Amino acid sequence: MSLFKVRDCWSTVCGRGETFGCDALAVDDLFGAGEDNIILGSLDGVLRVYGVHAAPPPDFQYSPSDLLIEVQTDSPVLQVCTGKLISCSPNKNIAVLHPFSLVVHGVNCIAGSTDHGDQYVLETMYEHKFDRSAYQMVVGPFGGGSGSRDFACVMSLDGAVTVYEQQAFGFRTALPNYLHPFPIKYVRSVDGFITLNADLCLVCYKYQELADPSLKQKWPVWSCTLGETVYDIQTVEITPSATTIHVLGERNYYCFQGNGVLWFMKRLQYTPCCFHPYILGEHPETKTMCMIVSDTDSVLVYDQTKLRWSAKLSFHPCIIARASFKALQGCLVMLSETGDLRFCYLGTEPMIFMAPERPIKDYKDTKNQLVQLKKDLQNMSLQDETDTLPLLKLNTRILNLRSEGLGKPLCDIEIDVSPSLATSSVQITFQLVAPLVVSPTVIHLKDLTESITVRVMAHRENDDTESAVSSTECTVCAYYSATSDVPGSVQQTVRLPLTLAYEVHSTPYLDFSWSAKISVDESPVPLKTLFKEFADSSLTELCFRTITGNSKYVCVTALPTNRSYEIRSSGPEYTNVILEEILLRHREYYKTKKCIVRCDNNEIPVADFYRTIEEHVALKGRLDIIQEEISSLCSQYRIIQKCLFNKLKENTVLSVSGLNVLIDDTHETLTEKISEIALVKQELKVKFSQLMSLSRLLVTMLGLCSKNDKILEEFKETVVHFTDNQNWEDIVLQSLSYLVGNKITLNVQSDDPAHVVMGLRTLIDYVIQHVTSVKDELQVKPKKDNTRGVSPILESEEDFYSS
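Remember, it's a predicted structure, so these values are computed and weren't measured experimentally. (Residues numbered from 1 in each chain as written. Predicted model: local features only at pLDDT ≥ 70, side-chain atom pairs only at ≥ 80, totals over all residues. Heavy atoms only, no water.)

**Looking at the overall build of the protein**
Okay, step 1: Helix and strand counts for the protein come out as 10 helices and 42 strands.
Okay, step 2: By residue count, 45% of the 803 residues in the protein fall in the buried class.
Okay, step 3: Counting only contacts in the protein whose residues sit at least 6 apart along the sequence, the fraction spanning at least 24 positions is 57%.
Okay, step 4: Total accessible area on the protein is roughly 42800 Å²; 51% of this is exposed by carbon and sulfur atoms. (Helix = DSSP H or I, 4+ residues; strand = E, 2+ residues; numbered from the N terminus. Buried < 20%, exposed > 50% of the residue type's maximum accessible area, 1.4 Å probe, protein only. Contact = heavy atoms within 4.5 Å. Areas by Shrake-Rupley, 256 points an atom, 1.4 Å probe, with all protein chains shown as cover.)

Here it is, written out as structure tokens:
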């Protein structure tokens, strides 16, 4: 951070709401009065000319008479330049570059005979129109002129260079190896143009070679590989025969001689925004200076590679230049994108800060205080939090099921929101497990002073007809904030109707692949009483069918003689919702007495769980392969595009005849891969829903035969969670590794899916064994991380940022 600030001595705001580009400013003496004028052009089409006539500082301030000309044009102004662009006229003119035209204006001064002063009029001298989108222009004495006349060169977005010899059209040619527009500048000492090509090489083309129509291939006089994007290129004439080329890159500042020899280079430890090189002194004792504005709003002044001065800016400029006035020589001219124009100088207003004296502390009792504080935190009771009632109450009701559209079942949910005090903002969200969703997903309430009822709709995702429903729980969360209190939250969990996911199937179904038996101490509740919404169903057997594209079946049978429920299904991944409903309703029926429910741990579908994990990992690997193939095809398409651009410059049909087969084949393959990746993503979504359902079923059945509830609760928090990025295996592997601690040593390579699956099998088997048997709790030992983070910069350069 710099100690000094840049001082403003003249400032104004150009327009309101206008935008200025990086080439919108030019500084030159238009009238030969010995002081510079400022020419500005905005993207809103406004052209302005400022001429400052004021006393020395501190009376050097903005005056309305400083604005000489302000004209609204029909097109955005991309760039302004000055030069002798009128034949047989020694006066300087203003060249304005529009997207599809180049207009040259002359400025006439009409002497005033009253107190109003002189009047300045902008006169259009001539205009060149073109059918290509312009990018940048450069003005200079092309062709080795003596400086009595200037030409204009316009570069378009496609790399075409058009030269206008004042009022006449000169020639047009295309630069080779050109894909992206970069700055272009004219070097008078070698009579050539400097720009950057598609290979990020700085190249120099002779004007005479570009103007020669007999040369079909244009070759640069010299080139230098930079390997980075160039922000700006500027040239500084030391003598008429010696010119330096200054290039501002992303991370480096280069200075070349006119013949392409690198003079010096400076590595920048910041992101540059704009720069302005200049010289001090007379030849041969000249100094090459450069001002660079950083992204931290600081201007740094370099003498070649040595930093001579650094000062803080009060705004963020996009252009920096130097101008000389009778009142102030060599002042800084800065313009922001929003039109903030300022004349500044390097002031000496240091920000002196002295750190306060550090008090002497006694650290002998610090350790004892820390130990006592930890004991107090462990002894704190969480019941103290219930003394403060929430400012918001929720009352959630599930309404009747209905159908809309193509018979899709829907369920309305009403939430009564009752504030005890006025709340400024309330946000209600809903947490469900896909494929069940709530519409709308978020409700915003503002300035809530009385109770209000909101209604949402729960349904299955429209485009998902294959995924398995793993849970019907819906958690309603309300986050609120009051004007004079800290934010708070309240939530309530309800169960959606079972008919959102299942319907009763009257015909008996016999093809079941999985079954389990749930034993109870008391007699099983009759199914007609257990499932009241299905009153017409059988008393001893009830068959459910999933509401999906491919129907799956779950059959529940009550066996009073064996005091058990038997569950048979087409697959264990479709059973969890039914099993949770049976357990919940059974315990609700016997809520006045203790009724133990249990199952045999041999019936837990561990093998199906592992098989689903392997299939899910295989689908993720297939998805990665297709994405890599699509990335390769896209790169191939870009290469074809580059070749096509190069061939089109030959202006013959035969030059591009061989590329049509390659383009068609690449496009067809790319279309097939995009269709394939959509199918794989859908399969992955369905498989992940089955994985979530099996993980919930695994935890539910482990709870019926658990002998270590604490381990089971930790295991549930680990495996039962939903991630949108399908990164379930990696998260569970790391969490179980931490849960197990150093009991098991795994040799898992993160880039090998087979090792990940094997590690999950080993850890889950270990946890299941501890859950279903009487053993000590897992000892979790957190690993100490003593590694030191790697700094993104060199240690020798860290003081630059810390200062």
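**Here we look at unusual backbone geometry**
Okay, step 1: With omega at 15 degrees, the peptide bond leading from Ala434 into Pro435 counts as cis.
Okay, step 2: Here Pro435 lies in the loop between β31 (423-431) and β32 (436-439).
Okay, step 3: Residue Pro440 is reached from Ser439 by a cis peptide bond, and omega for that bond is -5 degrees.
Okay, step 4: Mapping Pro440 onto the fold places it in the loop between β32 and β33 (442-448).
Okay, step 5: Positioned with a positive phi, Asp297 is a non-glycine residue whose angle comes to about 60 degrees.
Okay, step 6: For Asp297, the location among the structural elements is in the loop between β23 (287-294) and β24 (298-303).
Okay, step 7: Under the relative-accessibility criterion, Asp297 is labelled partly exposed at 22%.

**Here we look at the pattern of salt bridges**
Okay, step 1: The tally for this structure, following the rule as stated, stands at 26 salt bridges.
Okay, step 2: Arg342 is the partner of Asp8 in a salt bridge, and the nearest nitrogen-oxygen pair spans 2.9 Å. You can see Asp8 sitting in strand β1 (residues 4-13) and its partner Arg342 sitting in strand β28 (residues 340-346), a full 334 residues away along the chain.
Okay, step 3: Accessibility expressed as a relative area gives 14% for Arg342, which makes it buried. (Salt bridge = Lys/Arg side-chain N within 4 Å of Asp/Glu carboxyl O.)

**Overview of the side chain of His105**
Okay, step 1: As for its position among the elements, His105 is in strand β8 (residues 101-110).
Okay, step 2: Here His105 falls in the buried class, since its relative accessible area comes to 8%.
Okay, step 3: Within polar-contact distance, the side chain of His105 engages the side chain of Thr124 at 3.3 Å.
Okay, step 4: Residues contacting His105, with those up to four places away along its chain left out, are Leu47, Asn93, Ile94, Val96, Leu122, Glu123, Thr124 and Met125. (Polar contact = N/O pair within 3.5 Å; in protein donor to acceptor, adjacent residues only side chain to side chain.)

**Considering the nonpolar core**
Okay, step 1: Counting residues in hydrophobic clusters, the biggest one holds 95 residues, and the most contacted among them are Ile428 and Phe544.
Okay, step 2: Counting residues in hydrophobic clusters, the runner-up holds 23 residues, among them Leu25, Tyr50, Leu335 and Phe343. (Core = buried A, V, L, I, M, F, W, Y, C linked by side-chain atoms within 4.5 Å.)

**Brief notes about a nonpolar patch on the surface**
Okay, step 1: A grouping of Leu370, Leu373, Leu377 and Met380 is seen on the molecular surface, where their side chains present a nonpolar patch of about 420 Å² in accessible area.
Okay, step 2: Along the polypeptide, Leu373 turns up in helix α2 (residues 366-379).
Okay, step 3: Overall, Leu373 belongs to the partly exposed group, its relative accessible area being 47%. (Patch = residues over 30% accessible without salt bridge, like charges linked within 9 Å, V, L, I, M, F, W, Y side chains within 5 Å.)

**Thoughts on the state of the cysteines**
Okay, step 1: According to the stated counting rule, one finds 0 disulfides in the structure shown.
Okay, step 2: The thiol of Cys344 is unpaired, and the distance to the nearest cysteine sulfur, on Cys9, comes to 6.6 Å.
Okay, step 3: With relative accessibility at 0%, the residue Cys344 sits in the buried group. (Disulfide = S-S within 2.5 Å.)

**Overview of the packing of aromatic side chains**
Two aromatic rings are characterised by how far apart their centres lie and by the angle between their planes.
Okay, step 1: Scanning the entire structure with this criterion turns up 24 aromatic pairs.
Okay, step 2: Feature note: the residues Phe142, Phe151, Phe171, Tyr186, Phe193 and Tyr207 constitute an aromatic cluster, connected by ring pairs.
Okay, step 3: For the cation-ring pair, Arg322 lies above Tyr278, with the distance from its terminal atom to the ring centre recorded as 4.2 Å. (Phe/Tyr/Trp six-rings, centres within 6.5 Å; stacked < 30°, edge-to-face > 60°. Lys NZ or Arg CZ within 6 Å of the ring centre and 35° of its normal.)

**Here's the deal with the packing of helix α7 (residues 709-719) against helix α9 (residues 753-771)**
Okay, step 1: Two elements in contact, α7 and α9, have axes separated by 9 Å at closest approach and are oriented at 150 degrees. Relative to α9, the element α7 is oriented roughly antiparallel. As for the relative orientation of α7 and α9, their crossing is left-handed in sense. Mapping the contact onto sequence places Ile711, Leu712 and Phe715 in α7 and Ile764, Val767, His770 and Val771 in α9.
Okay, step 2: Of the residues assigned to the contact of α7 with α9, the class counts are 6 nonpolar, 1 polar and no charged. (Axes fitted to C-alpha atoms, helices over the stretch in contact; angles between N-to-C directions. Parallel < 35°, antiparallel > 145°, perpendicular 65-115°, else oblique. Left-handed = near helix turned anticlockwise from the far one by under 90°. Nonpolar A, V, L, I, M, F, W, Y, C, P; charged D, E, K, R; others polar.)

**Here we look at the packing of helix α8 (residues 728-740) against α9**
Okay, step 1: Look at α8 against α9: their axes get within 10 Å of each other, and the N-to-C directions meet at 45 degrees. Classified by the interaxial angle, the pair formed by α8 and α9 is oblique. In the packing of α8 onto α9, the handedness of the crossing is left-handed. Here Glu729, Asp730, Val732, Leu733, Leu736, Ser737 and Val740 of α8 come into contact with α9, specifically with Val756, Gly759, Leu760, Leu763, Ile764, Tyr766 and Val767.
Okay, step 2: Taken together, the residues of the contact of α8 with α9 sort by class into 10 nonpolar, 2 polar and 2 charged.

**What to know about the side chain of Thr244**
Okay, step 1: Along the polypeptide, Thr244 turns up in strand β19 (residues 242-249).
Okay, step 2: In this structure the side chain of Thr244 is engaged in a polar contact, spanning 2.9 Å, whose partner is the side chain of His246.
Okay, step 3: For Thr244, the residues in contact, after removing those within four places along its chain, are Gln234, Thr235, Val236, Ile238, Cys255, Phe256 and Trp263.

**Re a negative patch on the surface**
Okay, step 1: A surface patch of like charges, here negative, comprises Asp664, Asp665, Glu668 and Glu672.
Okay, step 2: Position of Asp665 among the secondary structure elements: in helix α6 (residues 660-704). (Lys, Arg positive; Asp, Glu negative; His and termini not counted. Charge placed at Lys NZ, Arg CZ, Asp CG, Glu CD.)

**Brief notes about the pairing of strand β4 (residues 46-51)**
Okay, step 1: Burial within β4 is extensive, with 6 of its 6 residues counted as buried.
Okay, step 2: Of the two faces of β4, the one lined by Val46, Arg48 and Tyr50 and the one lined by Leu47, Val49 and Gly51 are each fully buried.
Okay, step 3: Pairing of strand β3 (residues 37-41) with β4, which is carried by 5 bridges, proceeds in the antiparallel orientation. Each residue of the ladder has a partner; that of Gly41, found in β4, is Leu47.
Okay, step 4: Counting the residues that bridge the hairpin from β3 to β4 gives 4 residues, and of these Gly45 lies at a positive phi of roughly 90 degrees. (Pairing = 2+ DSSP bridges.)

**A look at α9**
Three- or four-residue spacings in an α-helix give side chains the same orientation, since the helix completes a turn every 3.6 residues.
Okay, step 1: For α9, built from 19 residues, the straight-helix expectation of 27 Å at 1.5 Å per residue is met to within 8% by its first-to-last C-alpha distance of 27 Å.
Okay, step 2: Among all positions in α9, only Val756, Val757, Gly759, Leu760, Leu763, Ile764, Tyr766, Val767, Ile768, His770 and Val771 are buried. (Expected span 1.5 Å × (residues − 1).)

**A short note on the sheet that holds β23**
Okay, step 1: Read from one edge of the open sheet, 8 strands run β22-β23-β24-β25-β1-β28-β27-β26, paired in mixed fashion. Edge positions in the sheet fall to β22 (272-280) and β26 (317-323), since each of these pairs with one other strand and no more. Across the sheet, the mean angle separating the axes of adjacent strands is 30 degrees when strand polarity is ignored.
Okay, step 2: As judged from the 6 bridges shared by β26 and strand β27 (residues 331-336), these two strands associate in the antiparallel manner. Residue pairing in the sheet places Ala321 in a bridge with Val333 of β27.

All we've got here are geometric facts, nothing functional implied.
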